Structures are given as C-alpha cells and as structure tokens.
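Structural characterization, general
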Amino acid sequence: MITRFLIQGMDKRGLVFLAVLVALAVLVPLANLLLPPGSILHVPTSAMSLWGKYLCYALLAISLDLVWGYCGILSLGHGAFFALGGYAMGMYLMRQIGSRGTYGNPILPDFMVFLNWSELPWYWYGFSSFPFAVLMVLAVPGLLAFVFGWFAFRSRVTGVYLSIITQALTYALLLAFFRNDMGFGGNNGLTDFKEIVGFNVQAQSTRAALFSMTCVMLIAGFLIARGIVSSKLGKVVIAIRDAESRTRFLGYRVDRFKLFVFTVSACMAGVAGALYVPQVGIINPSEFAPANSIETVIWVAVGGRGTLVGAALGAVVVNYAKTVFTSGFMAPYWLFALGALFVFVTIFMPKGILGTAQDWWARRKAPPEASPAAEPAPAE
Amino acid sequence: MRFVSCLLRMIALATLLALQPGAASAQGSPQAAEEAFTRLGADSFSDTNRAIEILIANAHPQAAVIIEALADGRLLAGGGAVVVKTKDGKLLDAKTGAALASEPPGLSAVRLNNGVRRTIQAALGGLGLLNPDAGKRIAAAEAVFKSRDASLLPVLEGAIAKESDARAKAALRQAQAAILIAKPDAPPFDRIAAVDVLRERGDQDALATLRSLPGDSSAGLREAQGRAVSAIESKLALWRAGQNLWYGLSLGSVLLLAAIGLAITFGVMGVINMAHGEMVMLGAYTTFIVQELIRTRFPGLFDYSLLIAVPLAFLVAGLVGIAIERGVIRFLYGRPLETLLATWGISLILQQAVRTAFGPTNREVGAPNFMSGAFEIGQLAITWNRLWIIVFAGLVFAALLAILKLTPIGLQMRAVTQNRRMASAMGIRTGRVDALTFGLGSGVAGLAGVALSQIDNVSPNLGQSYIIDSFMVVVFGGVGNLWGTLVGAMTLGIANKLLEPYAGAVLGKIALLVFIILFIQKRPRGLFAQKGRAVEA
Amino acid sequence: MNAPVPGALTSSLLYLDGVSVSFDGFKAIRGLSLTIEPGEMRAIIGPNGAGKTTMMDIITGKTKPDVGTVMFGGSVDLTKLDEAAIANLGIGRKFQKPTVFDFHTIEDNILLALKSKRTVARTLFWKTAAADAKRIDDILGIIKLGDARDRLAGSLSHGQKQWLEIGMLLAQDPKLLLVDEPAAGMTDGETAETAVLLKEIARDHSVIVVEHDMGFIRELGVKVTVLHEGSVLAEGPLDQVSANERVVEVYLGR
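Bear in mind the structure is a predicted one, so any value in this text is a computation, not a measurement.

1. Some remarks on the overall build of chain B
The number of helices and strands found in chain B is 23 helices and 6 strands. Computed over C-alpha atoms, the radius of gyration of chain B comes to 33 Å, more than 25% over the 24 Å expected from 2.2 N^0.38 for 537 residues, which places it beyond the range of a compact globule. The dimensions of chain B, computed from C-alpha atoms along their principal axes, are 105 × 65 × 35 Å. Counting every position in chain B, which comprises 537 residues, the buried fraction comes to 43%. Within chain B, counting contacts between residues at least 6 apart in sequence, those at least 24 apart form 71% of the total.

2. Quick look at the overall build of chain A
Within chain A one finds 15 helices and 4 strands. In summary, chain A has a C-alpha radius of gyration of 21 Å against a globular reference of 21 Å for 380 residues, a match within 12%. Reported as C-alpha extents along the three principal axes, the dimensions of chain A are approximately 75 × 55 × 50 Å. Each of the 380 residues in chain A was classed as buried or not, and the buried ones make up 49%.

3. Quick word on the UniProt feature "transmembrane region" (unreviewed entry) in chain A
Residues and elements named next belong to chain A. Residues annotated in UniProt with the feature "transmembrane region" (unreviewed entry) correspond here to residues 57-87, 130-153, 160-178, 208-225, 257-277, 297-321 and 333-354. Here residues 160-178 is 100% helix and 0% strand, with 27 Å between the C-alpha atoms at its ends. For residues 257-277, the end-to-end C-alpha separation is 31 Å, with 100% helix and 0% strand making up the annotated structure.

4. A short note on the domain arrangement of chain B
A common way to express how large an interface is: the accessible area buried when the components associate. Once the domains are mapped, chain B shows domain 1 (2-188) and domain 2 (248-461). Measuring from the centre of the C-alpha atoms in domain 1 of chain B to the corresponding centre in domain 2 of chain B gives 58 Å.

5. Some thoughts on the UniProt feature "transmembrane region" (unreviewed entry) in chain B
Here the UniProt feature "transmembrane region" (unreviewed entry) sits at residues 245-272, 304-324, 336-354, 387-404, 471-495 and 501-520 of chain B. Secondary structure across residues 245-272 of chain B comprises 89% helix and 0% strand; the distance between its end C-alpha atoms is 31 Å.

6. Some words on helix 13 (residues 309-327) of chain A
Residues and elements named next belong to chain A. In this model helix 13 runs 27 Å from its N-terminal to its C-terminal C-alpha over 19 residues, within 8% of the 27 Å that 1.5 Å per residue would give. Among all positions of helix 13, only Val309, Gly310, Ala311, Ala312, Leu313, Gly314, Ala315, Val318 and Asn319 are buried. For helix 13, the secondary structure elements touched by its buried residues are helix 2 (12-33), helix 3 (45-68), helix 12 (290-303) and helix 15 (352-365).

7. Some points on the confidence of the model for chain A
Residue and element names in this part refer to chain A. Per-residue pLDDT for chain A has a mean of 89; in total, 96% of the residues score no lower than 70. Summarising per-element confidence for chain A, the mean pLDDT is lowest in helix 1 (residues 2-7) (74) and highest in helix 11 (residues 254-280) (96). Note on residues 368-380: pLDDT under 50 across the span, and 23 contacts to partners over four residues away in sequence or across chains.

8. What to know about the sheet that holds strand 2 (residues 26-36) of chain C
Residue and element names in this part refer to chain C. A sheet is described by the order of its strands in space; here 4 strands give the open sequence 2-1-4-5, paired in antiparallel fashion. Every other strand in the sheet has two partners, leaving strand 2 and strand 5 (76-77) as the edge strands with one partner each. As judged from the 2 bridges shared by strand 4 (residues 67-72) and strand 5, these two strands associate in the antiparallel manner. Bridged to Phe72 within strand 5 is Val76. Its contacts with the sheet place helix 2 (residues 52-59) against strand 1 (14-23), strand 2 and strand 4, and it is angled at close to 65° to strand 2.

9. Examining the nonpolar core
Of all hydrophobic cores here, the largest spans 276 residues; its most connected members are Ala61(A), Ile62(A) and Ala168(A). Val155(B), Leu156(B), Val195(B) and Leu198(B) belong to the second-largest nonpolar core, a separate cluster that totals 29 residues.

10. Digging into the sheet that holds strand 6 (residues 91-94) of chain C
All names here are of chain C. Taken together, 6 strands build an open sheet; the order of strands is 6-7-8-3-9-10 and the sheet is mixed. Every other strand in the sheet has two partners, leaving strand 6 and strand 10 (231-236) as the edge strands with one partner each. The mean inter-strand angle of the sheet, taken between neighbouring strand axes irrespective of direction, is 20°. Pairing geometry for strand 7 (residues 176-180) and strand 8 (residues 206-210), over 5 bridges, is parallel. Note on strand 8: the bridge partner recorded for Asp180 is Val210.

11. With respect to the environment of Thr356(B)
Relative to the assigned elements, Thr356(B) resides in helix 15 (residues 336-358). In sequence terms Thr356(B) and Asp434(B) are 78 residues apart; their C-alpha atoms lie 31 Å from each other.

12. Structural notes on the interface of chain A and chain B
Each partner contributes to the interface: chain A provides 38 residues, whereas chain B provides 35 residues. Counting only elements with at least two residues in the side of chain A that touches chain B, the list comes to helix 6 (130-154), helix 7 (159-178), helix 12 and helix 14 (334-348) of chain A.

13. Concerning the pairing of strand 2 of chain C
When a strand is regular, its side chains alternate between the sheet's two faces. Residues and elements named next belong to chain C. Relative to strand 2, strand 1 is paired through 7 bridges, and the arrangement is antiparallel. Bridge pairing in strand 2 places Val21 opposite Ile29. Once strand 1 ends, the chain turns through 2 residues before running back antiparallel as strand 2, passing Asp24 with a positive phi of about 50°.

14. A closer look at helix 8 (residues 188-202) of chain C
Residues and elements named next belong to chain C. The terminal C-alpha atoms of helix 8, which comprises 15 residues, lie 21 Å apart, in line with the 21 Å expected from a rise of 1.5 Å per residue. Within the span of helix 8, buried status applies to Thr191, Thr194, Ala195 and Leu198. One side of helix 8 carries all its buried residues, which in axial view fall inside an arc of 105°. Across helix 8 from its buried face, at more than 90 degrees, point the exposed residues Gly189, Val196 and Glu200. Elements that come into contact with the buried residues of helix 8 comprise strand 7, strand 8 and helix 9 (214-220).

15. Quick word on unusual backbone geometry
Outside of glycine, negative phi angles account for most residues, and trans bonds account for most peptide bonds. All names here are of chain A. Backbone geometry at Arg156 places phi at a positive 60°, although glycine is not the residue there. Mapped onto the secondary structure, Arg156 falls in the loop between helix 6 and helix 7. Within the chain, Asp192 stands out as a residue other than glycine whose phi angle is a positive 60°.

16. Details of the packing of helix 4 (residues 78-97) of chain A against helix 6 of chain A
Residue and element names in this part refer to chain A. Two elements in contact, helix 4 and helix 6, have axes separated by 9 Å at closest approach and are oriented at 155°. Considering the angle they form, helix 4 stands roughly antiparallel to helix 6. By crossing handedness, the relation of helix 4 to helix 6 is classed as right-handed. Counting all contacts with helix 4, which are made through Phe81, Leu84, Gly85, Ala88, Met89, Met91 and Tyr92, the residues of helix 6 involved are Phe130, Ala133, Met136, Val137, Val140, Pro141, Leu144 and Ala145. Class assignment of the residues belonging to the contact of helix 4 with helix 6 gives a composition of 14 nonpolar, 1 polar and no charged.

Reading the values: rules and limits
Residues numbered from 1 in each chain as written. Chains lettered and ligands numbered in written order. Predicted model: local features only at pLDDT ≥ 70, side-chain atom pairs only at ≥ 80, totals over all residues. Helix = DSSP H or I, 4+ residues; strand = E, 2+ residues; numbered from the N terminus. Rg over C-alpha atoms; globule rule 2.2 N^0.38 Å. Buried ≥ 20, exposed ≤ 12 C-beta atoms within 10 Å, placed from the backbone. Contact = placed C-beta atoms within 7 Å. UniProt positions renumbered as here; feature names shortened; annotations may be inferred. Domains from an automatic or database assignment. Expected span 1.5 Å × (residues − 1). pLDDT = per-residue confidence, 0-100. Pairing = 2+ DSSP bridges. Axes fitted to C-alpha atoms, helices over the stretch in contact; angles between N-to-C directions. Core = buried A, V, L, I, M, F, W, Y, C linked by C-beta atoms within 7 Å. Arc of directions from axis to C-beta. Parallel < 35°, antiparallel > 145°, perpendicular 65-115°, else oblique. Left-handed = near helix turned anticlockwise from the far one by under 90°. Nonpolar A, V, L, I, M, F, W, Y, C, P; charged D, E, K, R; others polar.

Here it is in structure tokens:
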C-alpha cells in the first residue's frame, strides 16, 4: 500500500527530478571525497555545504507548495516550522558538546552557564538522545501546526486573514526566541557544534554524509508530497483550493483535510530545518523573521506553484542567484532584484518557470485547436 | 559625624538669628567678618568650615553669594583677597560685592572636601528656607524633605510661622513632618500629625519617608503610619495606572496613524499592502528633507518645519501609492494573495532605494519648540510630543471620517467597499476609486511618518517595525469601518502598555499577538465586521 | 398548510416548522413551514428575494435559523449540524450558479462526489474499486459526458456544467436532492432533457427543485410551493397555484 501510495501518479518530470537527486546524493560526495582537489570534477567542501543548504531550502519550498499550491493556504509563517525543526536539532548538537564548551560544564550549554543558570530546563531533557531529537524535529513543528491549524481552520479563517495570522505566529516566536530567559540562547542562538552521532560536524566526510542525507530526505519529502497530491485526498485538497464551500457540501470536512496537509507540511519543514542547522553550523532567532517566510513563498512562485518539482527548482535558482549577487559588487542591488522578482513573477509569470515552460511545450506539441479551449482562469 | 552635626546645629542657630534683622545686625561685627575672610584665604578645610559658620552667624549680606560660589568652585582666594567669580566670568570682591577692575595676583579656587560640602549644603538649605523668592523657598524645603536634617527643625518652625505663601507653607510643613517622622524624641502627637501631612502629600517620596519610621515607635504611631502607607500606595497605584493609560493612548494613536491608511485600502480594495510601512517611511524621510532644507536655508522657519512637512509627506506618499496601484496592483485584481507578494516586493525595492539614497543609518529629525519638554498633572508626566501626536492622530481620524462621509469620492469608496460589482454597474469608475483610495491610504501613511519621525528613528527599516502591528490593528478592528480601526488601535495600544509592567515589553507583545490569533478564530472578520449575505459570497 | 401532526414528524423526510432568519434586521425567512415526504419531488417557485436560496442554505447547514425546527428523516435536527455532516446524512445540493471543480477532470469531479467514506485516511489511501469505476461510467453516460471524461471541468460550457453538477448529485446518491435552477442558461432542448433526467432521478430519490421557468415546472408535473417574503404563499398543483389570486398578485405586482 505504501509503495503504491508513493509511486502513484509519478510523471516524467518527477522521475527526472528523482534521478537528478539520486545522482547528486551519490556523485557529489564521491567527487568531494575521492577526487583530488586539483581535479576539475572535484567538488570543494564549501560548495557541497552550500548546495546542501539549497537542498534544505528546496525541501522547505516543497512543504510550502503542498499547502499553498495545492490547498490554497498561503502560509507566511512556514519559516517558523523550519526554525523549530532547526532548534530541535540544535539542542541535540548543543548537548553533544558535553564538557568541551568554553566553560567546560558537562551538562549546561555555555550560554546557560553565562546566564548563571544552575540546572538544565526541563524542556532540554532528552535532547542528548539522537532518536529523541529526531522525534522532536517532527513533533514540535507538527504539534504547533496542528494546534494552530485546528483553531484557524475550524473557524474558517481563510485568505489574507490566514496569511496575516501565520505571519503573526512567526513574529511572536521571533520575539520569544530573542529572549534570553526562554533558554534557547537568546540573540546568539545555538552554535559551536562539535559532533553529530559521534562524528565531527566539521569533518569533510561528515559534511558529505549530511549532503547525501539531505538529498535522501528531499527525495522522501518529494515522494510523500507527490503521493499525497496524487491520491484522492490530493484531489479533495485541490477541490478545497478551488471551491472550498462546494467541497463542504459534498460532505468533506474541509478543516480536517487542511489540518492534515498543514501538519504534514510543517513536519517536512521541520526536517528541512534540522538538516540545515548542522550544515550551516548555527541556528538563531532571525530564522523566524517574517521576511524569511515570505522569501520562501517567492521561491515557490518563481519555480511554479502546484508542481512540487517547480518549488524545489525555484528554491535552488533564487538562492543560487542570491549567492552570486550578494558576494560580488552587485551586493547592494540584490534587494532591488529580489523585489523586482516578486513583482515580475506575480504579474507576468503567475505559473512560474515550470508552469510557463509546460504551457509553452504544450502549445508547441499540440496544434492550437486541440489544446483545451477554455483554459480555466487561474484561481487564487 | 558628631562634629558635622554639631556644626549643623550651630549653623541652624545662626540662621535663626539671622531671621531677626535687629539681632543679626547687632551681631554683625566687622571683626568677625574679617576673621571669616582671613579663614577663607587660609584655604584649609577646617578654616573654611569655620568661615561658613561665621558668615551665617553674622548674617553677612554676601553670605549666600559666597557660599554658592564656594559650592561651585567659583570662590577664589590668594594674596589676602577673596574674590567671587560670577557664572559669566566677572570678578567681584567677596566682602562688598563690588566689581573688581583687575584680577588680583595669585588667586586659586578655595578647595572642598566632603565635610565642607556637607556644611555648605546645610548652610544653603537654611539660607534657602528664608529666601525672599517663594519658588526658592519651596525648592529649599524639598531639599530638607529629602535630607531630613533634624538640625534644621527650628529654622523650619520659624519659617512656617512667617510663611504667607500657601504652597511654600505646605512644602515647609512636609519638610518638618519628614524630620519629625525620623526623630524618635519628638512629641508623639506631633509625629502623628506629621504622618497626616505626609499622607496628604501622597507621592513616592512621602511613601519612602513613612516607611522609614523607626521600628520602635509607639503602637498608635505605627498604626497611623500603616494606614497612611496603604492609602498612599493605592493612590499611587491609581496614578501609575493613569500613567500607563496615557502611554497606552500614546501608543494607540501611533498605531492608529500607522494602521488607518491600511484599513482604508484593505477595506475598499480587499488588498493587503505590504508596502504600507514604506509609505510611513517615505513620510518620515520627507520630514527629514524638509527639515534639512529649512535648517540650511531658512533657519527662522524651524518651528514650522513639521507643519510644512505634513502636506508634502501626504503628497509624496500618496503619489507613490497611486503609482504602485496603477503600475502593479491594477493587474492583480481578484488575486489578493498575489497582491500581497507583489507589494512585498515593492517594499523591498523602496527600502533599498532609500538605503541607497540616504544610507542605512538613522537620520536625525529635530523637535520644534512646541513639541519639546514635558509637564506634569498630579503624578502624571506628559511629554509635549506625545500629546501633539495624539492630537494629530485625532485630527487625521476626523478628517478621514469627514472625507468618507461628506465627499462624493468618500461615498463612492463606501459603495465600492460594500459591493464592488453593484457600484461598478451604477457607473462608478471603480478603477479611479481604487487609485484614489490607494493614494489616500498611502498619503495617510505618509502623515504617520511625520509623526513617527518625532518619536522613532528615521531609518530605512522604520516601516517594517510598524507593519505587523498595523495588520493586527486592522484585523482586530475589522474591515471597512474606521471606528473599528480606532477601537482596535486604542485597545491594542492600551492593552500593550497595561500588560508591560506585569509581563515585560516582549512577553506583553507576544501575549497580544497570541490573543489576536485566538480572537480571529472567534470573529474571523474582526470586531466591527460587516454582516449579511454579500460578505459570505 | 401542512399542520404539523406528531405522526407526520417521523414519516416526513424533511420537516421545517416556524423557521425564521434575519440578516442585519432584514427577515429573509419568516415562519416558514414545509414538509417533504420520502420519494416526493417538489417544485418551489417565488419571485426574487422570496427566500428560496436562504431556505436551501438553512437545510444544508450554511445558515443557522434564528428560531424554528428543521428535522431530517424524522429524528435528526439539522440546525445542530454543519454542512459536511448534513451532506453525509444524504442531502445533496446543486447550486444556482454551477459550481464544479474547474481544475479537475470531469471524471475526478464525479469521483470526488461518489458516495464513500469522507475521512482523511480513507481518501489518502483510496483505490477506485471496480464497482466504483462502473458507477462513474454509468453516471458519465447518464449526463452524456462520457467522451469528455478527461477534460478539465473548467473548459465545459454552462449547460454541460449544470449537467456535471447533476451527475455529481447522482454520484453522492443522496436521500434528498436540492436542485437550484437546473435549467438556468440552457437551450429549450437542454431544458427538456434536464426535466426528463430529473424525473428519472425522482423515481428513487426525494427532490426539491427551485426554478423560475414555468415551462420547466409544468414539464415536471409535480406539487408546487410558492414562497413569498420568506414564507409559504400557496401550495398545490401548478394549475391550482397559478390560478391563486394572491400568487398572481405577487408575480404580476397588482
């Protein structure tokens, strides 16, 4: 049943995407570890980590596409789930430091010693165990999404109202995590990690493994998302996006379907955050900034919402562009470019790169009269 | 210590004597005065102390001037001369107060140590209580109230008997009461009366003085003190609540200014303008530019700079708003979520543009005279700039209300808010209404920028810090109703400030955000929502 | 008027009594009483603003009445249930403006409507059984869209969308169908075919049809209820109600 669920509705585009990811997962670490630095095919560790970061963003984008592209929920707070997953992983990594911290306290992380705390807060218990941390990576964002969604969807908060309160959610968390007495390192967040499951996080081989792991999780996330949207539940969810009230009159409990998709998506975002933290080496409250969440939305819009592959593509393309832009003399113009991208995509390319390419391909392949005559207007 | 108190007593006695003009002049022997100046010239701490005593005891006509100069380090001595240097640098003969033609050689400032300073302070307190100016007497009484210097009691009693000014008399009585409270050997009846006087005064200082009542006081006194303390505490709590309410009103009016333009555009067009905060920022920068121009070209007009900036800020932000509507939003009708994204993009561009033009740092916008300073009502401290911002917010609100209710374009806006298709069918050019609405909303944001330039940093990020709060106000207050925005802004502003003392600024804000998130579940369309079938559709 | 007899309460499929609802002071429905028997087909007519759509909103749970009783199957209080629960009880609704899922194929539209468990888990791991596939084929045949099954519903003509919606109703297999203006925007031929289709459906379902088209009502040949200003003005065979003086007055404004 599970296999059928995961492979149903797999199309050519999805297969290509999977093939690319599998190739990346195998070839990039090999090229990094086995080829000498002089070789033209050698992948430097820094580049590998950078692309690992992009792929984490791609997973985040897929999770957002699941709720926005398919269910019509424009979440402006998905960065919160990403950051919570990241913090859960960060807490595990902090506990792994043990007595190697600056203050050498075997239990307390440095920032707690600095704040004169005498014992570990209860919510840090258990994070010394990797399986527990992994569970929390899924459970914390999932639970938050569930509770938040349970309230919001039951009272039928939709459209821009929903978007605004998701933004308020991540903003509230941003303020909370900035506080020192929350016990998450305040302004500085969690950093100076040493080991993950016994391996040095800085080591080249660990980084290669993390990169492969990111590819694997992206594949898993894509398959799950693909499976959901191709199932009958996916059809219900699209129906909710296009005619929520009509779906309700067919007997579907709209709030439960939204809640399911929203929660799954939040867990996925949490995993993305958890993979992101060991690769960039830090997690701090700025990950909760509302601007981050909105930027994620634009990745999805650029790639093409409601396509999953497009969302991942958009995340990689926009972030690659950001890296190129902000590292050179054009740095001051990056925000101009990003702003213009928002405007351009929404007005001229509402279907994104993938959707536009698809239309173009369809028009080329089929004679005009055979193409669907009255293409329905894009719904919100 | 005993030495000091002994000294103080002598000084007090001396001042008392100085009260009686006849006695003073009888005492004022030229020899004694000479001795004082010799001792000042000697510049040793004990001599200086003695000199002060002599000056006071003899009620030397120059005593006040000399002691003040000594306290400020403006008393110079050397080569047998003692000279007072005035604050504007003139030199006077200390003995006579006559101006000196030339500076005597070898002058140096008479030195001070803590003992001398204490002597000076006590002397000044005693001198001030008898100052002919009632304001100075009140200030002196306040000083005694704080120092609770028991040696000044006789002086105080004399001063009270002589006092004719009601406020000065009250101040003197309070000073006397403060001393009596701390003085175990004073008559019990007087001390209970002193408790009443302090209770009457009823501020933080009175409370502190009452609390300092020695523990071994009589039961009756302690009971009176207990009652007075709780009475003052509840009174002070009321004042504090009043002060927080005032801060809340002030914050509420800022939120109102920032949110009301957003409420209009959201109400009429169903569009969330994420660049609204940047309109506020443009208003603030317009104010900055106007002020810079006035500073460099027409310094005399400085006090009018804000007045001049108001219409300009409205125009600048309004025109940018219309440009955004015509250039971008027009193409995104019926797609509110995409409008949200596009306007976010515009906000990034505007921020970066301002950062490029003016730099990323804060710009200084000065306050004109009428907006500087503060005044007090009872225990309330009220700053002029906050007061003017509240007034300004009220004016803007009234003007908008008038525009919507009384003008044809207002009627059209309301029609489009309620039923866009119907309005369009009736021949209202909805496109024009949209553009003007957007211009108006943005213009009002510009006005908010003028006000915010007075209380916040003018930086490219100015708008970002208000945008989420503004959304909360609009979402909370409900759409399509200005009164909803007013109630929303004031409620959130006041709630924020009332929560702050208990939860702290950040937790208070988080609590409010959570409250609004929960509130939206209950009333998805806000406090003052429109009802009916049309809304459902 | 159907006096509410206690015995009838249990035998009626749908039972409305003394239902009122107002929006911002405007009484859309005032003291409406109506009963539908199992297997009955009823036509409801009335001028604009008579409360026809609001009545349907109340039955399907979109609007809660201020006062009054709304019972289904003699025992279920519909005012306590939401739209989804009411739909799952067996009340299907076709909207005045045809509402289909534009971005789904015609087949998927029917599949979504097909009677089945509506839970998250069931839909997530749904596999179309042979019986379901046959049912979908049958319905596509009935609504004459079998050849277009893979087209997006958004590309259908207005009349086709109306039929697709009726097909979705059939797929739901409800006990009671609420059909709002099924003939609106159709050609005469299509209208006649729709009437035949509805009569076909009425054989084994209860149906309430709201319609303006008198010819269509005549075609159906069923009992008619006339609504006016939120309550029942007249009830009976079409010829009888169209002879009713007050009905004539309301329609012609005399």
